[in-house]
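Examining the three-dimensional arrangement
Below are the chains, spelled out letter by letter.
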Amino acid sequence: ILHVGLPSIASTVIGPLTTAFITNQVAQFGQEAVAGYGVASRIESLASLVLMALSVAITPFVGQNFGAGRTDRVDAGVRWAQRFCLVYGAIVAVLLALSGPVIAAAFTDSAVAIHAASLHMRIVPVSYLALGLAMTATSSFNAVGKPMLGMFISMTRTILIYAPLAFLLARSFGLIGVFAAASAANIVAGAFGFEILRRVIAGLRSVESRVGLHQ
């Protein structure tokens, strides 16, 4: 239990710490910018609920079929989840890009806050496609007993890319730089998650094939 639980705990704890650091970076552009970022973050949390639910559901599916030696079903289930993430992410990205100012205006009258929220909803949601892939990969790694890979994906997104890139880009590009860092972090984590998970599943299928031959 601790083998899977401790890396998952570490990944979960680092999320709020990264959010606090990013909020600090946004704060240098004023309180209204922080308010706009807060609005966009709430919308992001709502939009990502579907991806979170999918990642939770994929864990027992992958775990059950992995335990039963049905790597073919693991592969099929993961591929279905990945396709869903891509389609859902694209739809949400388009909807938020088009309706960002209207949504933000429902929460605040500040022009600066509305601009900050709209900017976030134009830049970051494009990467939701990749974020879904990263979340699917992390849950799948936990299900097959490889939690360190999941922690690596999470840490890569938050500590290695998002926080330092936001710090650097904020100096040169302002709020756009902070939000671009978030988008870049999601894309890199999604790409890593997709590729590593593909290799892990291919390895599982290879082992399964060798066992079948020996039997």
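The present account deals with the structure reproduced in this document. (Residues numbered from 1 in each chain as written. Predicted model: local features only at pLDDT ≥ 70, side-chain atom pairs only at ≥ 80, totals over all residues. Heavy atoms only, no water.)

Things to note about the pattern of salt bridges
Selection criterion: For this analysis, a salt bridge means a side-chain nitrogen from Lys or Arg found within 4 Å of a carboxyl oxygen belonging to Asp or Glu. Starting at the N terminus, helices and strands are each numbered in turn, a helix being any DSSP run of H or I of at least four residues and a strand any DSSP run of E of at least two. Relative accessibility thresholds used throughout: buried, under 20% of the residue-type maximum; exposed, over 50%; partly exposed, between the two (1.4 Å probe, protein chains only).
Evaluated as defined, the whole model comprises 4 salt bridges. Across the salt bridge formed by glutamate 195 and arginine 198, the nearest N and O atoms sit 2.6 Å from each other. Here the residue glutamate 195 and the residue arginine 198 both occupy positions in helix α8 (residues 175-214), the gap between them amounting to 3 residues, near one helical turn. A relative accessible area of 25% places glutamate 195 in the partly exposed class. Of the charged contacts, one joins arginine 199 and glutamate 195 as a salt bridge, the two residues approaching to 2.8 Å between their closest N and O atoms. Taken together, the positions of arginine 199 and glutamate 195, both in helix α8 and 4 residues apart, correspond to about one turn of that helix. What emerges from the salt-bridge pattern is a single network uniting Glu195, Arg198 and Arg199.

Details of the packing of helix α3 (residues 49-67) against helix α6 (residues 128-143)
As a reminder of what qualifies: Lines fitted to C-alpha atoms define the axes, with helix axes restricted to the stretch in contact, and inter-axis angles between N-to-C directions lie between 0 and 180 degrees. Two helices crossing with the near one rotated counterclockwise from the far one by less than a right angle form a left-handed crossing, whereas a clockwise rotation gives a right-handed crossing. Working rule for contacts: check all heavy atoms of both residues, and any pair within 4.5 Å makes them a contact. Three categories are distinguished: nonpolar for Ala, Val, Leu, Ile, Met, Phe, Trp, Tyr, Cys and Pro, charged for Asp, Glu, Lys and Arg, and polar for the others, with Gly belonging to the last.
It is at 8 Å that the axes of α3 and α6 come closest, and there the two elements cross at 35 degrees. Between α3 and α6 lies a crossing whose hand is right-handed. Residues Leu51, Met52, Ser55, Val56, Ile58, Thr59, Val62, Gly63 and Phe66 of α3 touch α6, and the partners they reach there are Tyr128, Gly132, Met135, Thr136, Ser139, Ser140 and Ala143. Tallied by class, the residues present in the contact of α3 with α6 amount to 9 nonpolar, 7 polar and no charged.

Structural notes on the side chain of serine 110
Cut-off, in case you're wondering: Whenever a nitrogen or oxygen atom comes within 3.5 Å of another N or O atom, the pair is scored as a polar contact, on the condition that within protein one atom can donate a hydrogen and the other can accept it, and that pairs from neighbouring residues in sequence are kept only if both atoms are in side chains.
Topologically, serine 110 is positioned in the loop between α4 (71-105) and α5 (111-123). There is a polar contact of 3.0 Å between the side chain of serine 110 and the side chain of glutamate 32.

What to know about the packing of aromatic side chains
Stated formally: In summary, the pairing rule links any two rings of Phe, Tyr or Trp, Trp by its six-membered ring, whose centres are within 6.5 Å, and it sorts them by plane angle into stacked for under 30 degrees, edge-to-face for over 60 and tilted for everything else.
One pass over the full model with this rule turns up 4 aromatic pairs. Note on tyrosine 37 and phenylalanine 179: the rings are 6.3 Å apart at their centroids and 15 degrees apart in plane angle, and the pair reads as stacked. Of this pair, tyrosine 37 sits in helix α2 (residues 31-47) while phenylalanine 179 sits in helix α8, placing them 142 residues apart in sequence. For tyrosine 37, a relative accessible area of 7% puts it in the buried group. Take phenylalanine 179: its relative accessible area is 1%, and that puts it in the buried class. Aromatic pair tryptophan 80 and phenylalanine 84: ring centres 5.6 Å apart, planes at 15 degrees, arrangement stacked. Note that tryptophan 80 and phenylalanine 84 are positioned in helix α4 at a spacing of 4 residues, about one turn of the helix. Taken together, the ring pairs connect Trp80, Phe84 and Tyr88 into an aromatic cluster.

By themselves, these observations are geometric and do not establish any function.
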